[in-house]
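Single-letter residue listing:
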Amino acid sequence: MRSGMDGAEMGWELSTAVVLFHEAVARRLGLSAVDHKALGVISRTGPLPAGALAARLGMNASAVTALVDRLERAGHVRRVPDPGDRRRVLVEAAPGRRPDLAGVFAELGTEMNAFMTRYDEHELAAIADYLTRTIAVLRAQTERLAEEPQVSDE
């Protein structure tokens with residue numbers, strides 16, 4: 001690779017930068033990064049069962065229950081009956097409670113758009129392909145790790 005980093009190093013650097021950025025955004029809201037990402041999933045997908053949220057986040061059911069409890073106590077989400085199955089509960093974003101991060105993400109978007117103008121159509125297609133495949137790999141690895149038994153320090 002031209003940057004002097006191989007794919008694994010670049011992937012690690014990208015992953016770390018993204019996690020640290022979202023940690024900073026979450027801190028601004030008084031949340032943890034995982035709580036912030038969960039709130040983002042809920043806001044974008046609409047109401048969903050806790051099990052589906054757990055799968056999307058690569059977490060087990062008890063961890064997601066605790067996460068939803070925290071978000072509910074903070075007023076960010078609420079549990080509502082599933083209109084299609086009254087035995088099931090859905091988690092939805094609390095109406096009118098979406099955090100205002102327009103400034104944070106507007107600046108990020110401006111900076112990203114500014115440097116993206118350096119690339120031609122073919123380079124942008126390669127970048128889009130790289131990002132799409134990176135997202136797919138990260139989602140698959142998240143699912144794999146969620147299914148494996150936890151490693152103990154013993």
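Structure first, text after, so check above.
Residues numbered from 1 in each chain as written. Predicted model: local features only at pLDDT ≥ 70, side-chain atom pairs only at ≥ 80, totals over all residues. Heavy atoms only, no water.

Colleague: An account of the overall build of the protein chain is needed here, citing residue identities and associated values.
Modeller: Across its full length, the protein chain carries six helices and three strands. In sequence order, the protein chain lays out its α and β elements as α-α-β-α-α-β-β-α-α. The principal-axis extents of the C-alpha atoms in the protein chain amount to approximately 55 × 45 × 30 Å. Classification of the 154 residues of the protein chain by burial places 21% in the buried group. Within the protein chain, residue pairs in contact and separated by at least 24 positions form 42% of the contacts whose partners lie at least 6 positions apart. About 11,100 Å² of surface is accessible on the protein chain, with carbon and sulfur atoms providing 56% of the total. Taking the average place of the 19 positive charges on the side chains of the protein chain and the average place of its 22 negative ones, the gap between the two points comes to 8 Å. (Helix = DSSP H or I, 4+ residues; strand = E, 2+ residues; numbered from the N terminus. Buried < 20%, exposed > 50% of the residue type's maximum accessible area, 1.4 Å probe, protein only. Contact = heavy atoms within 4.5 Å. Areas by Shrake-Rupley, 256 points an atom, 1.4 Å probe, with all protein chains shown as cover. Lys, Arg positive; Asp, Glu negative; His and termini not counted. Charge placed at Lys NZ, Arg CZ, Asp CG, Glu CD.)

Colleague: Give me the lowdown on the packing of helix 2 (residues 33–45) against helix 4 (residues 61–73), citing residues and values where you can.
Modeller: Between two packed helices, what matters for the description is the angle formed by their axes and the separation of those axes. Their axes nearest at 10 Å, the elements helix 2 and helix 4 cross at an angle of 80°. Of the possible angle classes, the one that applies to helix 2 and helix 4 is roughly perpendicular. Seen from helix 2, the contacting residues are V34, D35, A38, L39 and I42; seen from helix 4, they are L67, R70 and L71. Partitioned by chemical class, the residues of the contact of helix 2 with helix 4 number six nonpolar, no polar and two charged. (Axes fitted to C-alpha atoms, helices over the stretch in contact; angles between N-to-C directions. Parallel < 35°, antiparallel > 145°, perpendicular 65-115°, else oblique. Nonpolar A, V, L, I, M, F, W, Y, C, P; charged D, E, K, R; others polar.)

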